[in-house]
Amino acid sequence: MIFGRTERGTSPVEPVTLKILVAGGFGVGKTTLVGAVSEIRPLRTEELLTEAGRPVDDTSGVEGKHTTTVAMDFGRITLREDLVLYLFGTPGQERFWFMWDELSEGALGAVVLADTRRLEDCFAAVDYFERRGIPFLVAVNCFEGAARYPDEAVRQALDLDDGVPVLLCDARERESVKEVLVGVVQHAMDQAADRRQAALR
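Residues numbered from 1 in each chain as written. Predicted model: local features only at pLDDT ≥ 70, side-chain atom pairs only at ≥ 80, totals over all residues. Heavy atoms only, no water.

Draft legend 1. How the structure looks around the pairing of strand β4 (residues 83–89). Here β4 lies mainly inside the structure; six of its seven residues are buried. As defined by bridge partners, strand β1 (residues 16–24) adjoins β4 across seven bridges and the pair is classed as parallel. Directly across from I20, in β4, lies its bridge partner L87. (Buried < 20%, exposed > 50% of the residue type's maximum accessible area, 1.4 Å probe, protein only. Helix = DSSP H or I, 4+ residues; strand = E, 2+ residues; numbered from the N terminus. Pairing = 2+ DSSP bridges.)

Draft legend 2. Here's a closer look at the packing of aromatic side chains. Summed over all chains, the structure comprises six aromatic pairs. Aromatic side chains W100 and Y128 sit 5.2 Å apart centroid to centroid with 80 degrees between the ring planes, which places their arrangement in the edge-to-face category. One end of the pair, W100, is in helix α2 (residues 100–104); the other, Y128, is in helix α3 (residues 123–132), and 28 residues separate them in sequence. The buried category is assigned to Y128, whose relative accessible area is 7%. Look at F129 and F136: their rings are 6.2 Å apart centre to centre, the planes differ by 35 degrees, and that puts the pair in the tilted class. Comparing F129 with F136 shows no difference in burial state: the two are buried. Cluster of aromatic residues (ring-pair linked, three or more members): W100, Y128, F129 and F136. Above the ring of F88, the side-chain terminus of K19 is found at 4.8 Å from the ring centroid. (Phe/Tyr/Trp six-rings, centres within 6.5 Å; stacked < 30°, edge-to-face > 60°. Lys NZ or Arg CZ within 6 Å of the ring centre and 35° of its normal.)

Draft legend 3. Focus on the pattern of salt bridges. Counting across every chain of the model gives 11 salt bridges. Taking the shortest distance from any N to any O, the salt bridge between D101 and R132 comes out at 3.4 Å. Of this pair, D101 sits in helix α2 while R132 sits in helix α3, and the two are 31 residues apart along the sequence. Note that D115 is salt-bridged to R117, the shortest N-O span being 2.9 Å. Given a relative accessible area of 2%, D115 falls into the buried group. Relative accessible area serves as the criterion here: at 41%, R117 is assigned to the partly exposed category. What you see here is one network of salt bridges that share partners, running through D115, R117, R118 and D121. (Salt bridge = Lys/Arg side-chain N within 4 Å of Asp/Glu carboxyl O.)

Draft legend 4. Examining the pairing of β1 more closely. Across the nine residues that make up β1, a large majority, seven, are buried. Pairing analysis gives five bridges linking β1 to strand β5 (residues 109–114), with the strands arranged parallel. Looking across to β5, one finds that L21 is bridged to A110.

Draft legend 5. Spotlight on the nonpolar core. Formed by 25 residues in total, the largest nonpolar core has its most connected members in L21, V112, F129, F136, V138, L158 and L160. Of all the secondary-structure elements, those providing two or more residues to this core are β1, α2, β5, α3, β6 (136–141) and α4 (151–158). Broken down by element, the residue count for this core peaks at four residues, all from α3. Apart from residues no more than four positions distant in its own chain, F129 is found in contact with L21, A23, A110, V112, I134 and F136. Counting residues in hydrophobic clusters, the runner-up holds 22 residues, among them L18, V34, V37 and L87. (Core = buried A, V, L, I, M, F, W, Y, C linked by side-chain atoms within 4.5 Å. Contact = heavy atoms within 4.5 Å.)

Draft legend 6. Geometry of the side chain of R155. Structurally, R155 is set in helix α4. A residue is classified by how much of its surface remains accessible, and R155, at 12% relative accessible area, is buried.

In structure tokens form, the structure reads like this:
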């Protein structure tokens, strides 16, 4: 490639960029997930937990957590030469949910990260994406010491539609996270194809 052009004189491929949200409860691993897969140094907006926040920050089950995301996490991953994903991790605490509308603008789809020890913490994210018609899947972050449940048990506990994928993942492992992101893109593409088919009937 010479001065941004290939030797044959054709322009380099201009990649398609897609926006994916990563949502879920407080301390579920959203920042870890974005950091595990991002090819750039992730932008993080974490602040230390304080005594003032103790009455509103439920740290039960995540007692070792000392920081919280107050705006968003941002990362980027190139899946193919012509396909780049931008990842936006949403803040997990209720008092920061007003930011979700801004972050979800133009999103192709979303990952709802779940912890089986505190499954109820992701109800709000599931409800948010269902109400807005944003394709999403549930990725169960397999924490050490947490019980493993079949996909169908998680689906029933969260009252998910049959079409919503449920995957197991390790938010610390790059390859595991990549599988989740590929799953979101595929699910969003399938839903778009279904809508086109329905419009033609």
